[in-house]
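# Structural description and commentary
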Amino acid sequence: MKSWETLIKRVLVESRKDIEWIIVLSSNGDVLGKFSPRDISEETLNEIIKIIKSEIFPHNIKHVDIMLEDESHIIIVKKGKEYIVSKTRVKPNLGKIYVILRKIFGGEVSE
């Protein structure tokens, strides 16, 4: 498999700024790869880790889309034992983002 950084760069190029940042986390919350033009706050990262460690993912849920107050989204996709977490711009083209994530990471990412 290609490196996480290579896959992340492909997502960012194809999303054309619909995705602001993306990180890949292990199931215990370790960062395996990331791209962020600014630091992701410790609070945001801790909230994401709480979600992936919760009982939501161990069953048959493949992804979670959280709409924030400003209408941007945090999308968390389970891929094997890793989690791809992306933060979108305000009012993104979600259909395009889901197609890109499915194309690059494979799996069941859908609207």
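Preceding this section is the structure that the text describes.
Here the structure is a predicted model, which is why all the values come from computation and not from measurement.

It is worth spelling out the pairing of strand E1 (residues 19–26) at this point. Most of E1 is tucked away, with 7 of its 8 residues classed as buried. By the bridge criterion, 7 bridges tie E1 to strand E5 (residues 82–88) in an arrangement that is antiparallel. Considered in E5, the bridge of Ile23 is made with Val85. Examined bridge by bridge, E1 and strand E2 (residues 31–35) share 4 bridges and lie antiparallel to one another. Of the residues in E2, the one forming a bridge with Ile23 is Lys34. Hairpin geometry of E1 and E2 is characterised by an intervening segment of 4 residues between the two adjacent antiparallel strands and by a positive phi of about 95 degrees at Gly29.

Here we come to the side chain of Ser26. With respect to the helices, strands and loops of the structure, Ser26 is situated in strand E1. Separated by 2.3 Å, the side chains of Ser26 and Asn28 make a polar contact. The residues touching Ser26, leaving out its near neighbours within four places in the chain, are Leu32, Ile52, Lys81 and Tyr83.

This part is about the environment of Ile74. Checked against the element boundaries, Ile74 lands in strand E4 (residues 73–79). Of the residues examined, Ile74 reaches a relative accessible area of 9% and is grouped as buried. Ignoring any residue separated from it by four or fewer positions in sequence, one finds Ile74 in contact with Thr44, Ile48, Val64, Asp65, Ile66, Leu68, Val85, Ser86 and Lys87.

This part covers the nonpolar core. Among the nonpolar cores identified, the biggest contains 17 residues, and Val11, Ile22, Ile84, Leu101 and Phe105 are the most heavily contacted of them. When contributions to this core are tallied by element, the ones reaching two or more residues are helix H1 (4–15), E1, E4 and helix H3 (94–105). By residue number, the principal contributor to this core is H3, which donates 6 residues. Not counting residues within four places of it along the chain, the set of residues in contact with Ile84 comprises Trp4, Ile22, Ile23, Val24, Ile75, Ile76, Val77, Lys79 and Phe105.

What follows concerns the pattern of salt bridges. Close approach of charged atoms allows side chains of opposite charge to pair. In the structure shown here, the tally under the stated rule is 6 salt bridges. Among the ionic pairs, Arg10 bridges to Glu14, the shortest N-O distance being 4.0 Å. With a gap of 4 residues between them, Arg10 and Glu14 both fall in helix H1, about one helical turn apart. Lys50 is the salt-bridge partner of Glu47, the closest N and O atoms lying 3.2 Å from each other. One end of the pair, Glu47, and the other, Lys50, are both in helix H2 (residues 42–53), 3 residues apart, so they sit about a helical turn from each other. Three or more residues are tied together by salt bridges with common partners; here these are Arg10, Glu14 and Lys103.

Conventions we followed
- Residues numbered from 1 in each chain as written.
- Predicted model: local features only at pLDDT ≥ 70, side-chain atom pairs only at ≥ 80, totals over all residues.
- Heavy atoms only, no water.
- Buried < 20%, exposed > 50% of the residue type's maximum accessible area, 1.4 Å probe, protein only.
- Helix = DSSP H or I, 4+ residues; strand = E, 2+ residues; numbered from the N terminus.
- Pairing = 2+ DSSP bridges.
- Polar contact = N/O pair within 3.5 Å; in protein donor to acceptor, adjacent residues only side chain to side chain.
- Contact = heavy atoms within 4.5 Å.
- Core = buried A, V, L, I, M, F, W, Y, C linked by side-chain atoms within 4.5 Å.
- Salt bridge = Lys/Arg side-chain N within 4 Å of Asp/Glu carboxyl O.

In short, geometric facts, not functional conclusions.
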